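Structural characterization, general
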Amino acid sequence: MPRKFYITTAIDYPNGSPHMGHAYEKLISDCYARWYRFRGDQVHFLTGTDENGQKLVRAAEEAGEPTKDFVDLQVDKFRKLCADLGLSHSDFIRTTEARHKEAAQELWERLQKKSKIYFGQYEGQYCLSCEAFYTELQAADGKCPAHGSPLERVKEDGYFFKLSEYAEWIEAHIRDNENFVWPKAAHSEILNRIRSEKIRDLSVSRPNHSWGIPVPGDEKHVMYTWFDALINYWSAVRNSEEKWWPASVHVIGKDIVWFHAVIWPCLLKAADLELPEQVFVHGMVLGQDGRKMSKTLGNGVDPYQIIGQFPLDSFRYYLLRAIPSGGDGAFVIKDLVMRHNTELANDFGNLLSRVVKLALKKGGETWESRREDRSFDFPKLFEKLEGSMTRREHHRALESLWLQINQLNLYLNDQAPWKMEAGSEALKSCLSNALFGIFGTAVLAQAFLPEVSRKILQTLGQPEVLGPEVLAADSVSFRLQSPEPLFPKIEWKEES
RNA sequence: CGCGGGGUGGAGCACCUGUGGUAGCUCGUCGGGCUCAUAACCCGAAGGUCGUUAGUUCAAAUCUAACCCCCGCAACCA
């Protein structure tokens with residue numbers, strides 16, 4: 001029976017255009033979605049947009065457009081990004097959709113019925129321009145960190161979620177489930193924070209300015225954006241809840257760990273819903289100077305500087321390989337080009353050329369690889385990749401894959417099949433081994449380099465999508481086609 | 001101040017976080033091999049006291065402590 005794997009990205013806040021971080025998170029998630037699909041699991045892969053909150057209303061005002069029109073337009077950009085990245089997502093959710101509204105309201109009512117939400121008063125330092133409260137910690141001097149203007153002491157009516165009731169429970173849950181927040185650094189950081197901060201009840205409503213999801217039974221309030229945003233993971237699969245819930249992995253960035261590792265599980269617990277298995281925190285794509293990408297520093301790289309300029313698989317490969325999962329990494333276009341030219345073109349692409357061309361010359365189109373002749377242990381390599389992927393170390397999976405590619409190149413140099421006599425057994429066995437080696441590598445590379453793998457399999461005369469079981473098949477036959485360069489070299493000059 | 005991440009041959013990074021045991025990868029430099037292939041592939045060499053200091057240990061880049069430096073935690077922003 002196939003296992004199920006439900007993976008999500010964070011939903012994006014579309015007040016600006018998609019940036020590198022969005023692309024990174026989506027590509028990582030896509031890689032895992034494809035890997036689990038490859039190993040035979042039933043996969044549901046969700047991404048989408050978070051469209052509530054006053055910040056969007058303000059952004060629309062600044063753009064001089066009605067909020068809804070503005071948001072629709074922005075969301076299209078994110079949809080386009082998904083398409084341009086070749087994402088294999090199963091669903092794209094918008095928090096302005098009816099299905100989400102209904103789900104959020106249902107969850108609210110559930111919590112209210114169980115008295116986990118109550119009506120109260122919020123008192124704090126409030127910035128009028130931000131329409132947000134700041135804690136003593138954020139604004140120690142009583143001034144708005146964003147505007148520098150003095151904050152007002154404001155009392156406001158609103159709804160609260162009894163987060164404090166769950167303080168001990170969530171600490172225990174995180175402590176006892178080492179994989180719940182991953183990687184380890186994120187796990188200990190959040191645990192640390194829970195222990196040092198008093199968990200207080202969470203304000204979950206805002207005054208209704210006709211944008212947002214109305215609080216059931218009280219039109220004067222809408223849900224706080226974060227409250228409803230988290231629920232998207234549930235609302236997207238509510239119609240087939242028994243099939244997909246709970247989520248297997250929420251892939252998120254560092255800045256929203258608290259919401260996903262603390263608030264979200266507590267909400268679910270309070271509503272008697274099952275908890276996600278894992279919150280996977282990825283690192284940040286930094287600017288080429290190794291600092292956080294920012295407009296003021298001008299060190300940012302827009303995803304659209306890459307998409308269309310460089311092959312998609314090279315972009316994917318670079319992000320997945322050059323930035324260790326869980327850590328931060330600088331995005332340097334020159335390095336992307338270098339990895340494309342050396343690792344992809346020279347190591348991998350050239351390997352395909354040299355083997356297939358030689359095979360065509362020496363033995364024609366039809367080749368067969370039998371299990372007893374094989375020099376390479378792909379089932380074992382699969383296990384290795386499986387281990388890396390389970391630990392969410394996709395960069396190591398790629399490293400293992402490349403070790404295999406290097407081994408193949410070395411094998412050819414050692415065997416020197418071009419010196420062997422045409423028609424000899426030695427030649428036949430050497431080349432069928434090499435062909436199987438490429439085949440196995442391409443099969444395993446599907447989650448990482450979908451487009452390229454497809455082309456390789458096609459060159460070998462194999463079906464487009466294959467699972468790990470073919471690696472142990474008794475016999476695989478190839479019907480070779482003349483290969484075209486998989487990775488034409490890229491000429492690229494600094495500051496072009 | 002506090003929290004978190006990092007400091008490894010000329011450059012960029014693994015390992016450390018999965019088990020402490022001759023320091024590994026890519027690029028660059030130098031020399032060699034091969035000629036099937038996308039001027040590609042393979043081998044070898046030079047180059048590091050793994051931020052500093054102290055400690056634990058038969059043995060530390062890896063564990064412990066202190067310190068120094070860089071980055072993120074306010075804004076565009078995952």
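Here goes a summary of the coordinates provided.

Criteria and cut-off values
Residues numbered from 1 in each chain as written. Chains lettered and ligands numbered in written order. Predicted model: local features only at pLDDT ≥ 70, side-chain atom pairs only at ≥ 80, totals over all residues. Heavy atoms only, no water. Helix = DSSP H or I, 4+ residues; strand = E, 2+ residues; numbered from the N terminus. Buried < 20%, exposed > 50% of the residue type's maximum accessible area, 1.4 Å probe, protein only. Contact = heavy atoms within 4.5 Å. Areas by Shrake-Rupley, 256 points an atom, 1.4 Å probe, with all protein chains shown as cover. Pairing = 2+ DSSP bridges. Core = buried A, V, L, I, M, F, W, Y, C linked by side-chain atoms within 4.5 Å. Disulfide = S-S within 2.5 Å. Phe/Tyr/Trp six-rings, centres within 6.5 Å; stacked < 30°, edge-to-face > 60°. Lys NZ or Arg CZ within 6 Å of the ring centre and 35° of its normal. Lys, Arg positive; Asp, Glu negative; His and termini not counted. Salt bridge = Lys/Arg side-chain N within 4 Å of Asp/Glu carboxyl O. Polar contact = N/O pair within 3.5 Å; in protein donor to acceptor, adjacent residues only side chain to side chain.

Observations regarding the overall build of chain A
Helix and strand counts for chain A come out as 16 helices and 17 strands. Judged by the C-alpha coordinates and their principal axes, chain A covers about 90 × 55 × 40 Å. Taken over 496 residues, chain A has a buried fraction of 54%. Sequence-distant contacts in chain A: of pairs separated by 6 or more residues, those separated by 24 or more amount to 75%. Split by element, the accessible area of chain A, about 22500 Å² in all, is 47% carbon and sulfur.

Comments concerning the sheet that holds strand β1 (residues 4-9)
Here six strands make up an open sheet; going across it, the order is β3-β2-β1-β12-β13-β7 and the pairing parallel. At either end of the open sheet lies a strand with only one pairing partner, and these are β3 (91-94) and β7 (181-182). Sheet topology note: the strand β2 (residues 42-49)/β3 ladder contains four bridges and is parallel. From the neighbouring strand, T49 faces β3, where its bridge partner is R94.

Remarks on the pairing of strand β16 (residues 366-370)
It is a general feature of regular strands that their side chains alternate between the two faces of the sheet. Of the two faces of β16, only one is covered, namely that formed by W367 and S369; the face formed by T366, E368 and R370 stays uncovered. Bridge analysis of β16 against strand β17 (residues 475-479) gives five bridges, and the strand direction is antiparallel. Within β17, the position partnered with W367 by the bridge is F478.

Examining the nonpolar core
Residues W35, F315, F331, F439, L444 and F448 are the most contacted members of the largest nonpolar core, which totals 102 residues. Sorting elements by how many residues they give to this core places helix α12 (residues 333-363) first, with twelve residues. In contact with L444, other than residues within four places in its own chain, are W35, F38, F378, L381, F382, L385, L401 and L471. Ranked by size, the runner-up nonpolar core spans 58 residues in total, among them F161, I252, I263 and L268.

Looking at the state of the cysteines
Disulfide: a covalent bond connecting the sulfur atoms of a pair of cysteines. Taken as a whole and judged by the stated rule, the model has zero disulfides. Just so you know, C31 is unpaired, no disulfide at all, and the nearest cysteine sulfur is the one on C82, 16 Å from it. Residue C31 is classed as buried on the basis of its relative accessible area, which comes to 0%. Residue C82 is classed as buried on the basis of its relative accessible area, which comes to 1%.

Things to note about the packing of aromatic side chains
One pass over the full model with this rule turns up 24 aromatic pairs. Between Y32 and F280 the ring centres are 5.9 Å apart and the planes differ by 75°, which places this aromatic pair in the edge-to-face class. Placement of Y32 in helix α1 (residues 20-38) and of F280 in strand β13 (residues 278-282) is noted, with a sequence separation of 248 residues between them. With relative accessibility at 1%, the residue F280 sits in the buried group. Centroid distance W35 to F382: 5.7 Å. Interplanar angle 25°. Geometry classified as stacked. Taken together, the residues span a long stretch of sequence, with W35 in helix α1 and F382 in helix α13 (residues 378-390) at a distance of 347 residues. For W35, a relative accessible area of 0% gives the class buried. Across from the ring centre of W258, 4.0 Å away, lies the NZ or CZ of R193, which sits over that ring.

Observations regarding the side chain of R392
Tracing the sequence through the fold places R392 in the loop between α13 and α14 (394-415). Buried charged residue R392 carries no salt bridge. Nearest counter-charge: E277, at 6.4 Å. A polar contact is formed between the side chain of R392 and the side chain of Y36, at a distance of 2.9 Å.

Details of the sheet that holds strand β10 (residues 214-215)
Pairing in this open sheet of three strands is antiparallel, and the strands run β9-β11-β10 from one edge to the other. Of all strands in the sheet, those bounded by a partner on one side alone are β9 (205-207) and β10. Summarising the sheet, β10 and strand β11 (residues 218-223) pair through two bridges and their orientation is antiparallel. For P214, the partnering residue across the bridge sits in β11 and is V222.

Observations concerning the pattern of salt bridges
On inspection of all chains with the given rule, the structure shows 30 salt bridges. Here E386 makes a salt bridge to R39, at a shortest N to O gap of 2.7 Å. Here R39 lies in the loop between α1 and β2 and E386 lies in helix α13, a separation of 347 residues in the sequence. In this structure, E106 and R238 form a salt bridge, with 2.2 Å as the shortest nitrogen-oxygen distance. Of the two residues, E106 is situated in helix α4 (residues 98-113) and R238 in the loop between α7 (225-235) and α8 (241-244); the sequence distance between them amounts to 132 residues.

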